[in-house]
Amino acid sequence: MPEQPILIIGGGPAGMEAARAIADLGYHAILVEKRNRLGGTPDEAGYAALTPDFRNAGEAMAEMAARIENNPFVNLKLNSTVTAASGSVGNFEVTIQNGQASEKINAGAVIIATGFQHFDPGRETQQYGYYEFDDVITLVDLEKMLRAHNVVRPSNGKPPERLCFIQCVGSRDRQIGNEYCSKVCCGIASKEAIEVRQQLPNCKVFIFYIDMRMYGYWENQIYWPAQEKYKVNYVKGIVTEVLKKGDRLLIRGEDTTMGRPMEIPMDIVVLSVGMEPSAGTCELAKIFGVQQNKYKFIETLGGALDTVTTSVEGVFACGAATGPADLEDSVSSAAAAAMKAIAAVRKHRPLE
Ligand SMILES: Cc1cc2nc3c(=O)[nH]c(=O)nc-3n(C[C@H](O)[C@H](O)[C@H](O)COP(=O)(O)OP(=O)(O)OC[C@H]3O[C@@H](n4cnc5c(N)ncnc54)[C@H](O)[C@@H]3O)c2cc1C
Ligand code: SF4
């Protein structure tokens, strides 16, 4: 009897990569995605160019999707989600809901790749006025403007003369409870800053940060070019509030390098919102009974040495469902999850 298929939940970069790896190895995958298309958050949020290589995000996601669409080893179920599960490794019985219809499938192992959601800056950082002032936007809002080559002040449709980013919005914040670093926002803000300078060479761009956390090669690929080639101004400081002054915004806070208070007028303020587990990640953790960590991301048990094994045998997790991750981390962990899921179904294959 052939092995049971491997169920993957979530069709973002991680889920797509897991499906591809399973198919490439000649195993069968069922991929369940709640949206009507693949591509995950980069597609849904409309990212413009990817960090660090400025690759067109839409094209990159379409390329990943093309590898598994019409692939005989991948059974794609769009507009679908998982509502119940029972059984154990080698033979999970899972209910998949598609609109009013529901079906039961059997899977030998499960990979949860349900990703993250952007922190809602209106939730607890009201002092930045996201829902109050039109010209306070997020990294995601700016991605959409960059993609459309239309970076303008939402309040009056004019190109900004001064634009700034405020880092760590919703991350590294003990009061909110998100004590973790979201890993990607320093790089993404710096990448967007470069794009703003490319599209609007007369716009002055500032980044207010606690510390800049660039991983590995991003230091040379993004951070230094932003400063040296594109003249982005990095200011180590804490912005305490954003106010309205005339038809502009006023950034109020402290320049911690200079040790003095600062008040700077801006046309657009971009909040570098971090990552939280998606609603789907929390739901799926409950359905499969896998442990979540204190931030509600899915807990993996092997520390640095195994980033995909969960507390339930045969259930693996990858990508941003397990914590803040860039694309590189997400697809790497997806490939690891695929490999471990295949090993699990082989070990527990039904008897002939
Ligand atoms: C503003 C911003 C910009 C970014 N830009 C970059 C960048 O340029 N370069 C980079 O390396 N990283 C970037 N990242 C990080 C990148 O978005 C993530 O690394 C990546 O999206 C994680 O992929 P994923 O597949 O784990 O999750 P996601 O992309 O979140 O995909 C999860 C998928 O699961 C689906 N899903 C959720 N719940 C369910 C459910 N219950 N049932 C079925 N399906 C479900 C969702 O619809 C979605 O398709 C950025 C992050 C932010 C915050
Ligand atoms: S990546 Fe940068 S902006 Fe994002 S939480 Fe970490 S330090 Fe803050």
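Coordinates for the structure precede this section.
Okay, so let's go over this structure.

Conventions adopted
- Residues numbered from 1 in each chain as written.
- Chains lettered and ligands numbered in written order.
- Predicted model: local features only at pLDDT ≥ 70, side-chain atom pairs only at ≥ 80, totals over all residues.
- Heavy atoms only, no water.
- Helix = DSSP H or I, 4+ residues; strand = E, 2+ residues; numbered from the N terminus.
- Expected span 1.5 Å × (residues − 1).
- Polar contact = N/O pair within 3.5 Å; in protein donor to acceptor, adjacent residues only side chain to side chain.
- Pairing = 2+ DSSP bridges.
- Axes fitted to C-alpha atoms, helices over the stretch in contact; angles between N-to-C directions.
- Contact = heavy atoms within 4.5 Å.
- Near = heavy atom within 4 Å.
- Nonpolar A, V, L, I, M, F, W, Y, C, P; charged D, E, K, R; others polar.
- Phe/Tyr/Trp six-rings, centres within 6.5 Å; stacked < 30°, edge-to-face > 60°.
- Buried < 20%, exposed > 50% of the residue type's maximum accessible area, 1.4 Å probe, protein only.

## Quick notes on helix α3 (residues 57–68)
The terminal C-alpha atoms of α3, which comprises 12 residues, lie 18 Å apart, in line with the 16 Å expected from a rise of 1.5 Å per residue. A distance of 3.0 Å separates the backbone nitrogen of Gly-58 from a side-chain oxygen at the start of α3, and that oxygen is part of Asn-56. Two residues or fewer after α3 comes Asn-70, characterised by a positive phi angle close to 60°.

## Notes on the sheet that holds strand β5 (residues 74–77)
The strand order across the open sheet built from 5 strands is β5-β2-β1-β9-β19, with neighbouring strands paired in parallel fashion. Among the strands making up the open sheet, the edge pair consists of β5 and β19 (315–317). On average, each strand axis in the sheet is inclined to that of its neighbour by 20°, with strand direction left out of account. Across 4 bridges, the pairing between strand β1 (residues 6–9) and strand β9 (residues 109–112) is parallel. Opposite Ile-9, over in β9, you have Ile-112 as the bridge partner. Its contacts with the sheet place helix α1 (residues 13–24) against β1, β2 (29–32), β5 and β9, and it is angled at close to 160° to β1.

## Re the site of ligand 1
The full set close to ligand 1 counts 37 residues, and Glu-33, Thr-41, Thr-51, Ala-325 and Leu-327 are the nearest of them. With respect to ligand 1, the backbone of Thr-51 contributes an N or O atom lying 2.7 Å from an oxygen atom. Leu-327 is positioned such that a nitrogen or oxygen atom in its backbone is 2.8 Å from an oxygen atom of ligand 1. A breakdown of the residues in the shell around ligand 1 according to their chemical character gives 18 nonpolar, 14 polar and 5 charged.

## Details of the environment of Tyr-295
Relative to the assigned elements, Tyr-295 resides in the loop between α7 (279–288) and β19. With 119 residues separating them along the chain, Tyr-295 and Ile-176 place their C-alpha atoms 11 Å apart. If we skip the residues at most four places from it in the chain, Tyr-295 touches Gly-177, Glu-179, Tyr-180 and Pro-277.

## With respect to the sheet that holds strand β6 (residues 81–88)
Strand order in the open sheet made by the 3 strands is β6-β7-β8, with antiparallel pairing throughout. If you trace the sheet from one side to the other, it starts and ends with β6 and β8 (101–107), each paired once. Put simply, the sheet's adjacent strands are angled 20° from each other on average, direction ignored. Across 7 bridges, strand β7 (residues 91–98) lies against β8 in antiparallel orientation. Along β8, the bridge assignment pairs Glu-93 with Asn-106. Where α7 meets the sheet, it contacts β6 and β7, and its direction lies at approximately 25° from that of β6.

## Topic: the packing of aromatic side chains
One pass over the structure, following the stated rule, counts 8 aromatic pairs. Seen in terms of ring centroids, Tyr-180 and Tyr-295 are 4.9 Å apart; in terms of plane orientation they differ by 65°. Their pairing is edge-to-face. Of this pair, Tyr-180 sits in the loop between β12 (162–169) and α5 (185–199) while Tyr-295 sits in the loop between α7 and β19, placing them 115 residues apart in sequence. Tyr-180 sits in the buried class, given a relative accessible area of 10%. A relative accessible area of 22% places Tyr-295 in the partly exposed class. Their ring planes at 5° and their centres at 6.4 Å tell us that Phe-206 and Phe-208 sit as a pair that is stacked. Connected via pairs of aromatic rings, a cluster forms that spans Tyr-209, Tyr-223, Trp-224 and Tyr-234.

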